[in-house]
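# Residue-level structural notes
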Amino acid sequence: MLLTSKYSLPDCPEHTLARPRLLSLLNDGHSDQLLLVTAPAGYGKTTLVTSWASGQDNPVAWYTLDASDNEPNQFCRYLVESVHRATGNGVPQTYQLLTAPQCPDPTSVVSHLLAELRGLPCELRIVLDDYHQIDNQVVHDTTRFLLRHAPAGVGVVLTSRSQPPLGLATLRVQGRLLELGSDALALTTEEIAQLLKQRLPFNLDADRAAQLQHLSEGWPPAVQLFTLSVRDREEVDRYLAELEQGHSHILDYLAEEVLERLEPQLREMLACTSILTRVNAQLAERLSDRSDGQQMLESAARRGLFLQAQDSSRRWFRFHPVFARFLQRQLSDRDQLQHLHTIACDTWQELGQPVEALRHALAGGDRERLRQLLNEQGERLLRGGQSRLLRDCLEWLGAEELQLNARFTLLSAKMARENFEYDQCEKNLAATESWLQRQDPQQWHQYEGAFATMRAQVAIARGQTLQAKEYAEEALGLLHREQLGERISALLVTGETSFCLGALEQALAHMQEVEALAIAEKDIPSVAWAICQQTEIAFAQGLLKKSATLQEKVYNLVQKHHLSTLPISEFVCRLRGQLQWECGDLEGAERSARRGMQINRKVGEHWLLPEYTLLLKIAQARGEKEESQEWLDRIERLLSGERYHRDWVANADATRIRTWRALGNQQAITTWLEQAEPVADRPSNHFEQCHGRNHVRALIELHRWSDANRLLSRLQQVAKECGLVTDRLRNRVLESHLLWLRERHGEAVEAISVALQLAAGRDFRASFLQIGKPLIVILKAALEQGLEEAEATKAQELIRVTQQQPELDGGIRIELDDTIIREILASDAVPDFLRHSPLTPREWQVLNAIHSGLSNERIARHFKVAPSTIKTHIRSLYQKLDVKDRQEAIALAEQMLRSVQDRP
């Protein structure tokens with residue numbers, strides 16, 4: 001069911017101040033412009049646009065957004081409904097499209113909508129009101145698509161408290177963006193004078209109006225409070241003095257003056273209902289013990305008492321928060337306040353709103369109602385993302401209450417685990433177990449299996465694989481038949497431990513079993529988690545297409561069941577970003593990372609490490625040096641202050657090492673290797689394999705090639721035993737680079753050929769690119785020696801991508817061997833004199849070192865010769881190149897290298 005208030009043009013409040021200067025700006029805007037109205041709360045954005053829209057001859061489609069519209073399908077439904085109605089059922093095909101069982105993706109919906117609007121005989125404006133409610137990147141992308149592809153005659157008006165992340169620079173440059181900010185929306189002295197003339201029973205001089213404008217900075221609520229508070233000239237100076245001292249004084253002043261001027265019945269009703277986040281007639285009547293709640297609410301709204309109707313039928317109203325706090329100060333009788341919260345709690349339960357009911361049970365300190373609601377609704381509310389409210393309730397009940405109630409302890413433990421507070425989780429479990437075993441063994445027997453399940457979940461989250469396996473097996477033996485939820489969780493941990501121990505097929509079977517059980521129990525978060533684990537297993541097996549299909553399946557599941565605020569949603573975004581990164585979709589990976597940040601930010605920045613890591617990878621791939629340094633600094637700050645699972649740390653370390661290498665920070669690599677945890681004896685999962693490769697990369701950079709080779713051999717042997725295809729591929733790529741550095745070119749080509757065989761027909765890309773520009777030389781050597789058609793196609797694709805990938809300093813870095821030198825000499829960019837006076841192999845190597853920014857001393861150390869020998873090579877080099885100095889030599893080298901940069 002769609003709320004008509006969301007797609008209906010709101011009524012203009014009574015006594016609305018006419019603002020012709022702003023209406024003129026809006027009317028002068030072109031139909032294909034985006035009209036962007038941004039300002040903090042209270043500046044009259046909606047009122048202004050409502051006034052403008054009500055005076056338009058052409059249709060205006062109105063859509064008021066709230067937090068629920070972050071669900072893309074809902075966003076599309078309301079958008080189409082609004083346009084359909086505004087245009088007189090003008091988009092029937094798109095409207096019909098949304099009634100299909102499988103709702104199309106948002107971009108397809110908007111494409112159909114815009115296609116139908118091309119035939120509209122008149123202009124249309126689409127208003128998206130309160131756009132600051134949107135934080136879903138998919139909805140942002142849909143809106144961006146709408147703005148970019150809207151046909152002539154279709155414009156968008158957008159109101160928001162903040163600058164929307166819609167990439168508006170292009171529209172601004174094209175002159176297609178008209179912006180009104182808080183400076184424009186602030187009341188001018190003239191407008192304040194006009195408003196005061198309408199509202200005050202006496203004339204106020206221009207100086208006083210100017211002073212009010214200065215102190216309020218044109219913020220409309222402050223001016224409106226002035227008109228409500230001041231009744232004669234003697235009160236003017238007192239109010240202005242209060243305004244100058246801050247809003248708390250305004251609230252005190254209103255407490256003394258404003259309510260006393262209202263009828264007692266209205267004053268009492270407003271105070272009683274101010275504890276509500278929203279109010280309707282039933283709630284108003286229950287709380288104020290009256291029978292005319294609807295009339296009283298409408299009267300208050302008409303009088304401008306900061307009460308705003310939320311729908312066109314004017315059934316639901318909401319106080320302005322400032323005014324609500326002001327009213328709440330009137331409820332000084334503690335017993336009365338508790339009584340009001342009790343009534344509110346019971347009424348919200350009748351209305352089927354347990355979240356609101358629980359808030360009032362907590363606010364009223366009603367222990368009995370709180371226990372009842374937590375017992376009946378706790379699990380459901382936790383699945384619905386109400387962790388913060390539940391945490392507040394359990395903290396208020398206290399540790400002693402948790403010990404007495406195993407269900408409450410498990411609820412608290414689940415929230416602590418979801419927020420990564422593992423120590424607190426174990427502390428709660430231990431305290432309750434100790435008390436129950438001594439005081440209530442019957443209750444302990446009932447919940448012992450559930451406690452073991454929770455401990456298994458904590459252990460696997462901490463990377464304690466064997467301990468998690470033991471707890472999960474214990475739980476499955478203890479759980480009662482009716483404890484299906486805990487059984488699902490225990491089986492899920494069993495599958496995860498199998499995955500970590502390298503038993504991939506066994507892990508997959510467990511996860512498929514969990515998925516089936518969870519579907520039967522309608523436990524959608526567990527279904528999503530099981531599919532996420534299957535996605536990771538498929539990726540580890542090198543089955544990228546299967547992994548992508550599973551990821552899309554779980555992504556759609558999360559969207560369908562509105563789980564976007566739960567921790568599982570961040571895991572889904574993380575998996576999506578990893579797949580996009582591997583396939584080379586940098587923009588998609590960035591969107592996934594930033595969406596994950598939005599979800600996890602609520603539990604603190606320290607849990608944003610995976611997103612920061614992915615954003616650093618993206619910045620590296622784009623050659624963004626400053627951006628890379630910023631993400632690197634953030635990652636290092638997090639790693640220095642927190643302990644993380646090995647998976648997160650290994651990924652972060654891999655990216656850090658590549659960044660240090662690109663920036664020439666060998667000391668950081670040395671320090672990391674000295675302090676890093678040792679590699680596991682049997683690295684049987686993807687994160688232990690990644691950690692091992694980090695050691696190999698560091699050893700390579702420090703020229704400890706024999707140590708690197710021994711470790712890499714162990715990694716490869718275990719990866720083969722466990723069926724870790726993706727890790728086998730990545731190990732082969734790294735092995736090829738190591739062999740090439742050791743000038744064992746034939747073996748390097750053989751290693752890269754095996755990697756190409758594993759990657760043929762699959763979307764592996766980033767796994768190859770991690771060794772950088774040396775990949776070009778190795779792949780070209782492999783092509784010269786001959787590859788099968790599929791491997792050759794993959795090699796050519798990778799060469800092309802590697803050539804196009806910039807370095808962090810913006811230069812070109814290509815390892816020079818005979819193949820590359822022949823290509824350079826065949827290029828039109830090479831001066832003829834260089835062909836007649838060719839460089840020696842050593843001179844080419846010196847030129848490459850100069851181009852890489854190395855000093856003469858470093859070049860000499862690298863080649864293990866005297867500096868005088870390098871100077872001799874450089875003099876000969878300059879003569880053959882016909883250049884005067886190092887800068888000219890670097891410029892010519894850059895030109896020659898770029899000549900082979902854009903073609904394989």
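Whatever comes next refers back to the structure up there.
Notes on the structure follow. Since the model is a prediction, treat every value here as computed from it, not as a measurement. (Residues numbered from 1 in each chain as written. Predicted model: local features only at pLDDT ≥ 70, side-chain atom pairs only at ≥ 80, totals over all residues. Heavy atoms only, no water.)

## With respect to the overall build of the chain
When you go through the chain residue by residue, the secondary structure sums to 49 helices and 7 strands. By its C-alpha atoms, the chain is 100 × 75 × 55 Å across when sized along the principal axes. The burial tally for the chain puts 53% of its 904 residues in the buried class. For the chain, the exposed area adds up to about 40,600 Å²; of that, 46% sits on carbon and sulfur atoms. Distance between charge centres in the chain, computed from 104 positive and 122 negative side chains, equals 3 Å. (Helix = DSSP H or I, 4+ residues; strand = E, 2+ residues; numbered from the N terminus. Buried < 20%, exposed > 50% of the residue type's maximum accessible area, 1.4 Å probe, protein only. Areas by Shrake-Rupley, 256 points an atom, 1.4 Å probe, with all protein chains shown as cover. Lys, Arg positive; Asp, Glu negative; His and termini not counted. Charge placed at Lys NZ, Arg CZ, Asp CG, Glu CD.)

## So, the state of the cysteines
Summed over the entire model, instances satisfying the criterion amount to 0 disulfides. Looking at Cys425, it has no disulfide partner, and the nearest cysteine sulfur is the one in Cys500, 18 Å off. (Disulfide = S-S within 2.5 Å.)

## Comments concerning the sheet that holds strand β5 (residues 177-180)
Taken together, 5 strands build an open sheet; the order of strands is β2-β3-β4-β1-β5 and the sheet is parallel. Of all the strands in the sheet, the pair left with one neighbour each is β2 (60-64) and β5. Sheet twist, expressed as the mean angle between neighbouring strand axes with direction ignored, is 15°. For β2 and strand β3 (residues 124-129), the ladder comprises 5 bridges, and the chain directions are parallel. Paired with Ala61 across the two strands is Ile126, which belongs to β3. (Pairing = 2+ DSSP bridges. Axes fitted to C-alpha atoms, helices over the stretch in contact; angles between N-to-C directions.)

## Considering the packing of aromatic side chains
Inspection of every chain in the model, using the stated rule, returns 10 aromatic pairs. An aromatic cluster of at least three residues, connected via ring pairs, comprises Tyr7, Tyr63, Phe75 and Tyr78. Seen from the ring of Tyr555, Arg576 lies directly overhead, with NZ or CZ sitting 3.9 Å from the centre. A cation sits over an aromatic face here: Arg634 above Tyr612, 5.5 Å from the ring centre. (Phe/Tyr/Trp six-rings, centres within 6.5 Å; stacked < 30°, edge-to-face > 60°. Lys NZ or Arg CZ within 6 Å of the ring centre and 35° of its normal.)

## A word on the pairing of strand β1 (residues 34-38)
Of all 5 residues that make up β1, 5 are buried, and the element is covered over most of its length. Neither face of β1 is open: one carries Leu34, Leu36 and Thr38, the other Leu35 and Val37, and all of them are buried. Pairing of β1 with strand β4 (residues 154-160), which is carried by 5 bridges, proceeds in the parallel orientation. Opposite Thr38, over in β4, you have Ser160 as the bridge partner. Inspection of the sheet shows β1 paired to β5 by 4 bridges, in the parallel sense. Directly across from Leu36, in β5, lies its bridge partner Glu179.

## As for the pattern of salt bridges
By the definition in use, this model includes 44 salt bridges. Between Glu368 and Arg371 there is a salt bridge; the shortest N-O distance is 3.3 Å. Taken together, the positions of Glu368 and Arg371, both in helix α20 (residues 367-383) and 3 residues apart, correspond to about one turn of that helix. Taking relative accessible area as the criterion, Arg371 reaches 25% and is therefore assigned partly exposed. Close ionic contact of Arg574 with Glu570 constitutes a salt bridge, the shortest N to O distance being 2.8 Å. Note that Arg574 and Glu570 are positioned in helix α31 (residues 567-583) at a spacing of 4 residues, about one turn of the helix. When sorted by exposure, Arg574 lands in the same class as Glu570, which is buried. Three or more residues are tied together by salt bridges with common partners; here these are Arg367, Glu368, Arg371 and Glu401. (Salt bridge = Lys/Arg side-chain N within 4 Å of Asp/Glu carboxyl O.)

## Quick word on the environment of Arg646
Topologically, Arg646 is positioned in helix α35 (residues 646-662). Here Arg646 falls in the partly exposed class, since its relative accessible area comes to 22%. For Arg646 and Gln895, which are 249 residues apart along the polypeptide, the C-alpha to C-alpha distance reads 44 Å. Setting aside residues no more than four positions away along its own chain, Arg646 makes contact with Glu677, Pro678, Phe687, Glu688 and His691. (Contact = heavy atoms within 4.5 Å.)

## Quick word on the environment of Glu116
With respect to the secondary-structure elements, Glu116 resides in helix α5 (residues 106-117). Looking at Glu116, the relative accessible area reads 18%, which means it is buried. With 728 residues separating them along the chain, Glu116 and Trp844 place their C-alpha atoms 62 Å apart. In this structure Glu116 touches Gly90, Val91, Pro92, Gln93 and Thr94, once residues within four positions along its chain are discounted. Looking at Glu116, its side chain comes within polar contact range of the main-chain nitrogen of Gln93, at 3.1 Å. (Polar contact = N/O pair within 3.5 Å; in protein donor to acceptor, adjacent residues only side chain to side chain.)

## Notes on the nonpolar core
Leu609, Val696, Leu729, Ile752, Phe768 and Leu779 are the most contacted members of the largest nonpolar core, which totals 86 residues. Within the second largest apolar cluster, 47 residues are counted, among which are Leu276, Ala324, Leu381 and Leu389. (Core = buried A, V, L, I, M, F, W, Y, C linked by side-chain atoms within 4.5 Å.)

## Topic: the packing of helix α40 (residues 745-759) against helix α42 (residues 774-785)
Between two packed helices, what matters for the description is the angle formed by their axes and the separation of those axes. Two numbers describe how α40 lies on α42: the axes approach to 9 Å, and their chain directions differ by 90°. Taken as axis vectors, α40 and α42 run roughly perpendicular relative to one another. Residues Ala748, Val749, Ile752, Ser753 and Leu756 of α40 pack against Leu775, Ile778, Leu779, Ala781, Ala782 and Gln785 of α42. Along the lines of polarity and charge, the residues of the contact of α40 with α42 split into 9 nonpolar, 2 polar and no charged. (Parallel < 35°, antiparallel > 145°, perpendicular 65-115°, else oblique. Nonpolar A, V, L, I, M, F, W, Y, C, P; charged D, E, K, R; others polar.)

## As for the environment of Glu505
Within the secondary structure, Glu505 is located in helix α28 (residues 504-521). Given the relative accessible area of 56%, Glu505 is considered exposed. Here the alpha-carbon distance between Glu505 and Cys722, two residues 217 residues apart in the chain, equals 9.7 Å.

## Digging into helix α19 (residues 354-363)
Each turn of an α-helix holds 3.6 residues, which means side chains three or four residues apart point in the same direction. Summarising burial for α19: 8 of the 10 residues are buried, a large majority. Along α19, the positions that sit buried rather than exposed are Pro354, Val355, Glu356, Ala357, Leu358, His360, Ala361 and Leu362. Those residues of α19 hidden inside the fold are in contact with α18 (334-350), α20 and α21 (387-397). Just beyond α19, the residue with positive phi is Gly365, at close to 65°.

## Quick notes on unusual backbone geometry
Here the phi dihedral of Asn89 falls at roughly 60°; this positive angle occurs in a residue that is not glycine. Taking the relative accessible area as the measure of exposure, Asn89 reaches 52% and is therefore exposed. Positive phi, normally seen in glycine, also occurs at Asp882, with a value near 60°. The topology assignment puts Asp882 in the loop between α48 (867-881) and α49 (886-899). What makes Asp882 exposed here is its relative accessible area of 59%.

## As for the side chain of Thr159
Mapped onto the elements of the fold, Thr159 is located in strand β4. Residue Thr159 is classed as buried on the basis of its relative accessible area, which comes to 0%. Within the structure, Thr159 has its side chain in polar contact with the backbone nitrogen of Asp130 (distance 2.9 Å). The contacts of Thr159, once residues within four sequence positions are left out, are Val37, Lys45, Val49, Leu128, Asp129, Asp130, Tyr131 and His132.

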